[in-house]
Amino acid sequence: MSGIEGKVVVITGASSGIGAATATWLAEKGARLVLGARRKDRLNAVVEQITAQGGSAVGTVIDVTRREDLKRLTDTAVDRYGRLDVLVSNAGTMAVSPFDELRQDDWDAMVATHITGLLNGIGAALPIFRRQRSGQFVNVASTAAYVVKSPMGVYAATKTAVKVLTEGLRQESGPDLRVTLVSPGFTDTEGVGKGGSPETAVALSRQRDEIAIPPTAIASAIGYAIEQPAAIDINEIVVRPTVQA
Ligand SMILES: NC(=O)c1ccc[n+]([C@@H]2O[C@H](COP(=O)([O-])OP(=O)(O)OC[C@H]3O[C@@H](n4cnc5c(N)ncnc54)[C@H](OP(=O)(O)O)[C@@H]3O)[C@@H](O)[C@H]2O)c1
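Note on numbering: residues in each chain are counted from 1, in written sequence order. In keeping with the predicted nature of the model, local features appear solely for residues at pLDDT of at least 70, side-chain atom pairs appear and are counted solely at 80 or more, and the whole-chain, interface and lining totals rest on all residues. In computing side-chain values, all of the structure's heavy atoms are included and hydrogens and water are not.

Aromatic rings from Phe, Tyr and Trp, taking only the six-membered ring of Trp, are treated as a pair when their centres fall within 6.5 Å; an angle between ring planes under 30 degrees marks them as stacked, one over 60 as edge-to-face, and anything in between as tilted. Scanning the model with the defined rule gives two aromatic pairs in all. Ring geometry for phenylalanine 129 versus phenylalanine 137: centroids 4.9 Å apart, planes at 75 degrees, classification edge-to-face. Criterion for a charge above a ring: Arg CZ or Lys NZ at most 6 Å from the ring centre, at most 35 degrees from the ring normal. A cation sits over an aromatic face here: lysine 29 above tryptophan 25, 4.5 Å from the ring centre. Its end group placed over the ring of tyrosine 146, lysine 163 keeps NZ or CZ at 4.7 Å from the ring centre.

Together, Tyr146, Val147 and Val238 give the surface a local cluster of nonpolar side chains, amounting to about 210 Å² of exposed area. Helix and strand assignments follow DSSP, with helices taken as H or I runs no shorter than four residues and strands as E runs no shorter than two, numbered in order from the N terminus. Considering the arrangement of structural elements, one finds valine 238 in strand 7 (residues 236–239). In this structure valine 238 comes out as partly exposed when scored by relative accessible area, which is 36%. Patch membership requires over 30% relative accessible area and the absence of a salt bridge. Like charges are linked within 9 Å, and nonpolar side chains (Val, Leu, Ile, Met, Phe, Trp, Tyr) within 5 Å. Each accessible area is a Shrake-Rupley estimate made with a 1.4 Å probe; only the visible protein chains count as cover when residues are assessed. Salt bridges are defined by distance alone: a side-chain nitrogen of Lys or Arg within 4 Å of a carboxyl oxygen of Asp or Glu. For every residue, the accessible area obtained with a 1.4 Å probe (protein chains only) is divided by the maximum for its type, and the residue is called buried under 20%, exposed over 50%, and partly exposed between those limits.

Quick look at unusual backbone geometry now. Geometrically, the link from serine 150 to proline 151 is a cis peptide bond, its omega value of 5 degrees lying close to zero. Along the chain, proline 151 falls in the loop between strand 5 (135–140) and helix 5 (153–172). Phi is positive for arginine 133, close to 60 degrees, though the residue is something other than glycine. Along the chain, arginine 133 falls in the loop between helix 4 (104–132) and strand 5. Taking relative accessible area as the criterion, arginine 133 reaches 59% and is therefore assigned exposed.

Our focus in this paragraph is the sheet that holds strand 2 (residues 32–37). Paired through their backbone hydrogen bonds, the strands of a sheet run either parallel or antiparallel. Spatially, seven strands are ordered 3-2-1-4-5-6-7 in an open sheet, and the strand pairing comes out parallel. Both outer strands of the open sheet, strand 3 (56–61) and strand 7, are each paired with one neighbouring strand and no more. Each adjacent strand pair in this sheet contributes to an overall mean axis angle of 15 degrees, direction not counted. Where strand 6 (residues 177–184) and strand 7 come together, four bridges link them in parallel fashion. Bridge pairing in strand 7 places leucine 181 opposite glutamate 236. The contact definition used throughout considers only heavy atoms, calling two residues in contact when any of these lie within 4.5 Å. As a rule, the C-alpha atoms of each element are fitted with a line to give its axis, helices using only the stretch in contact, and angles between N-to-C directions run from 0 to 180 degrees. Strands strand 1 (8–12), strand 2 and strand 6 of the sheet are contacted by helix 1 (residues 17–28), whose axis makes an angle of about 165 degrees with strand 1. Here helix 3 (residues 67–81) sits on the sheet and contacts strand 1, strand 2 and strand 3; the angle it forms with strand 3, its principal contact strand, is near 150 degrees. Being paired, for any two strands, means DSSP has found at least two bridges between them.

In this text, buried Ala, Val, Leu, Ile, Met, Phe, Trp, Tyr and Cys residues form a nonpolar core when linked through side-chain atoms within 4.5 Å. Ile11, Leu33 and Leu35 are the most contacted members of the largest nonpolar core, which has 32 residues in total. For this core, the secondary structure elements donating two or more residues are strand 1, helix 1, strand 2, helix 2 (40–52), strand 4 (86–89), strand 5, helix 7 (215–227) and strand 7. Formed by 27 residues, the second largest nonpolar core is a distinct cluster that contains Val8, Val64, Ala77 and Val179.

Before going further, it helps to examine the UniProt feature "domain: Ketoreductase" (unreviewed entry) in the protein. With numbering matched to this structure, UniProt assigns "domain: Ketoreductase" (unreviewed entry) to residues 7–187. Helix makes up 49% of residues 7–187 and strand 19%. Its end C-alpha atoms lie 26 Å apart. UniProt positions are given in the numbering used here, feature names are shortened, and annotations may be inferred rather than shown by experiment.

So, in C-alpha cells, the structure goes:
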C-alpha cells in the first residue's frame, strides 16, 4: 500500500497544533483518522472541521500516559475501519523551566507524556502491525533532541529518548514495518512554553512569533513519510525555520 488515500491513521495530541494540522492535511489526502487528546471540545472541533469538508475522522478522549487509553485508541481504529496503518505519536508538553525553579510536576509530565506515552503507543500498535504484517510508527521528537539549549534540559532529554527509542524500534521492526522520526524546530502552535515558568514562556513565545514555521510544514513532512511506497522507509526528518540556530 502506498500513498495516503484510504490509510487508517491514529494521531495522538490531535486537539491542537501539529497534531490537528497533520489530521487536516492527511484528511484532505483521503486518510481515515482516529484522533486522540484530553480536551474533548478541541478534539471535537477538529473532527467536525474534517467531516464538514467530507473527510473521515473520529475522536477519542485519551491520556497517553495511561496504557489502557492507547489500547482503546488503536482498538477504535480496528473496530471502525478494520485496520491500522499508521500511529503518529505526537502528544507532548513544552512546559520548560530552569532547574532551579524545581517544577518537578512539569518534569514528571514531560517524562510521562513523551517516554511512557510513546511506549504505550508502541505497546498498543505493535501487536496490530505484526498481525497485519504492515504498519508505520511516526514519532514526533524535536530539534531539542539534537541541540540542548537552556532551559530545556528535561524536555531535550525526553525528546532524545524519543529519538533513541525510535531507532531501537526501527532496528527490530523487520521487513514489514516502517519507523519514522520527525523532529520539528520552532513551530507556530499554542503549546510553545505553555505551562512552563512564566518568564520562559514569554521568551519562547516571543521567539516563536519571530521565527516559527507553520504546523503545516510538519504535517507535510509526516505526509511525505507516509505516502512513500511500502518498501521505502523514511527514517528521520528534521524541519526547522531557516533562521533557527
Ligand atoms: N511547536 C514547536 O515549536 C515544537 C517543536 C518541536 C517539537 N514539538 C512537539 O510537537 C508535538 C506537538 O506539539 P504542538 O507544538 O503542536 O503543541 P500543542 O498545540 O500544545 O499540541 C500538543 C498536543 O498534545 C496533546 N497532549 C498533551 N499531553 C497529552 C496527554 N497526556 N495525553 C494526550 N494528549 C496530550 C494536547 O492535547 P490535550 O491538551 O487536549 O490533551 C495537544 O493536542 C509535541 O510532542 C511537541 O513536543 C513542537
